[in-house]
Amino acid sequence: MLAMLAAVQGKWSLMFLWLVVALIVDGVDGPLARRYDTKKNWPLYDGILMDLIVDYLTYVFIPAYALFTKGMLPVWTGGIAVMVIIYGSVIYFSDTRMKTKDKSFSGFPACWNMVVLVLFAVDPPQAVVLATVVALTVAMFLNLKFIHPTRTPRWHRLNLAMAIVWLACAAQAAWVDFNEGVVAHWGLILSSLYLILAGIAQQLFPERTTDRIT
């Protein structure tokens, strides 16, 4: 709600700071739930459903609103793109096949909060914004693997390190109203590319049995 209120007022930096906070909370709530065995101790409440509801608001709805309201796309194109994001993400979040056996994601996991923040920081031409939205929307429904930074076991330390780099650079960019400087700017771009492509790289180069640490 704090992020949405900031977005309505056009306070984009504040909105993204709240979304970064929400992203950090999302990274720790699962381990905490498993640590305290919520399925056993609070069986009346479905933590997975609760997580999906919150994630849809913070990952999809608010970033889509910001993308449209900021005018990063022409009105008609932007309207269509936002509707595609909103509807496509509903379908994706409802798909029982969204998680792979190694706790990664099957298809782009609708992390539009991260995508839109990077678009705000990079401020690319409208054609690039549109191409990014179209490509990632299509990728939600392709048999492509996307890592979970804290749960995918393969390259776990590197995955976690890149996620921390992304969070640090994202927070820095939002804090200084997207005048983040060269280091944070490229740190954000490179860590984003890693998080998008690492899972696909794992598909292209499958882990051999002899490579596993026992």
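Now for a quick tour of the structure. Remember, predicted model here, so these are calculated numbers, not experimental data. (Residues numbered from 1 in each chain as written. Predicted model: local features only at pLDDT ≥ 70, side-chain atom pairs only at ≥ 80, totals over all residues. Heavy atoms only, no water.)

**Overview of the packing of helix H4 (residues 47–69) against helix H5 (residues 75–94)**
It is at 9 Å that the axes of H4 and H5 come closest, and there the two elements cross at 170°. For the element pair H4 / H5, the angle class is roughly antiparallel. Across from Leu-52, Asp-55, Tyr-56, Val-60, Phe-61, Ala-64, Leu-67 and Phe-68 in H4, the residues of H5 making contact are Val-75, Gly-78, Gly-79, Val-82, Ile-85, Ile-86, Ser-89, Val-90 and Phe-93. Across the contact of H4 with H5, the residue classes tally to 13 nonpolar, three polar and one charged. (Axes fitted to C-alpha atoms, helices over the stretch in contact; angles between N-to-C directions. Helix = DSSP H or I, 4+ residues; strand = E, 2+ residues; numbered from the N terminus. Parallel < 35°, antiparallel > 145°, perpendicular 65-115°, else oblique. Contact = heavy atoms within 4.5 Å. Nonpolar A, V, L, I, M, F, W, Y, C, P; charged D, E, K, R; others polar.)

**Here's the deal with a positive patch on the surface**
Taken together, the side chains of Arg-34, Lys-39, Lys-99 and Lys-103 define a basic patch exposed on the protein surface. Its place among the elements puts Lys-103 in the loop between H5 and strand S1 (105–106). (Patch = residues over 30% accessible without salt bridge, like charges linked within 9 Å, V, L, I, M, F, W, Y side chains within 5 Å. Areas by Shrake-Rupley, 256 points an atom, 1.4 Å probe, with all protein chains shown as cover. Salt bridge = Lys/Arg side-chain N within 4 Å of Asp/Glu carboxyl O. Lys, Arg positive; Asp, Glu negative; His and termini not counted. Charge placed at Lys NZ, Arg CZ, Asp CG, Glu CD.)

**Regarding unusual backbone geometry**
Most of the time, phi is negative for any residue but glycine, and the peptide bond is trans. Positive phi outside glycine occurs at Ala-110, with the angle close to 55°. Relative to the helices and strands, Ala-110 resides in the loop between S1 and helix H6 (112–122). Even without a glycine there, the phi angle at Asp-123 is positive, about 55°. Tracing the chain through its elements places Asp-123 in the loop between H6 and helix H7 (126–139). Given the relative accessible area of 58%, Asp-123 is considered exposed. (Buried < 20%, exposed > 50% of the residue type's maximum accessible area, 1.4 Å probe, protein only.)

**Overview of the nonpolar core**
One finds Met-15, Phe-16, Val-60, Phe-108, Trp-112 and Trp-166 to be the most contacted residues of the largest nonpolar core, which totals 57 residues. When residues of this core are traced back to their parent elements, those giving at least two are helix H1 (2–8), helix H2 (12–35), H4, H5, H6, H7, helix H8 (156–175) and helix H9 (181–204). Here this core takes nine residues from H6, the largest share from any one element. Once residues lying within four places of it in the same chain are set aside, the contact partners of Val-60 are Asp-55, Ile-85, Ile-86, Ser-89, Phe-93, Ala-110 and Trp-112. (Core = buried A, V, L, I, M, F, W, Y, C linked by side-chain atoms within 4.5 Å.)

**What about the packing of aromatic side chains?**
Given two aromatic rings, one states the distance between the centres and the angle between the planes to describe the pair. A full pass over the atoms with the stated rule returns eight aromatic pairs. Here Trp-12 and Phe-120 contribute two aromatic rings whose centre-to-centre distance is 5.8 Å and whose plane-to-plane angle is 65°, an arrangement assigned as edge-to-face. Separated by 108 residues along the polypeptide, Trp-12 in helix H2 and Phe-120 in helix H6 bring together distant segments of the chain. Overall, the relative accessible area of 9% leaves Phe-120 in the buried class. Aromatic side chains Phe-108 and Trp-112 sit 5.3 Å apart centroid to centroid with 80° between the ring planes, which places their arrangement in the edge-to-face category. Residues Phe-108 and Trp-112 agree in their burial class; the two are buried. The rings of Trp-12, Phe-16, Phe-120 and Phe-178 are connected pair by pair, giving a single aromatic cluster. Of note, Arg-35 hangs over the ring of Tyr-36, and the distance from its end group to the ring centre comes to 5.1 Å. Taking the ring centre of Phe-120 as reference, the NZ or CZ of Lys-70 above it sits at 5.4 Å. (Phe/Tyr/Trp six-rings, centres within 6.5 Å; stacked < 30°, edge-to-face > 60°. Lys NZ or Arg CZ within 6 Å of the ring centre and 35° of its normal.)

**Overview of empty space enclosed by the protein**
According to the stated counting rule, one finds one cavity of 30 Å³ or more in the structure shown. Counted as a void, the largest cavity has a volume near 40 Å³. Breaking the lining of the largest cavity down by element, the ones donating at least two residues are H2 and H6. Sorting elements by how many residues they give to the lining of the largest cavity places H2 first, with four residues. The residue makeup of the lining of the largest cavity, split by class, is seven nonpolar, one polar and no charged. (1 Å grid on protein atoms, 1.4 Å probe; cavity = no way out; pocket = protein on both sides within 12 Å on 5 of 7 lines; lining within 4 Å. Points joined across faces, edges and corners; volume = space filled by probe spheres on them.)

**Considering H2**
The end-to-end C-alpha distance of H2 is 35 Å, a good match for the 34 Å that 24 residues give at a rise of 1.5 Å each. The largest bend in H2 is about 25°, located at Val-28, with the proline Pro-31 one to four residues further on. Every buried residue of H2 is accounted for by Trp-12, Ser-13, Met-15, Phe-16, Leu-19, Val-20, Leu-23, Asp-26 and Gly-30. Where H2 is buried, its residues meet H1, H4, H6 and H8. Taken from the residues just after H2, Asp-37 is the one with a positive phi, measuring 50°. (Expected span 1.5 Å × (residues − 1). Bend = angle between axes of the 7 residues up to and from the residue.)

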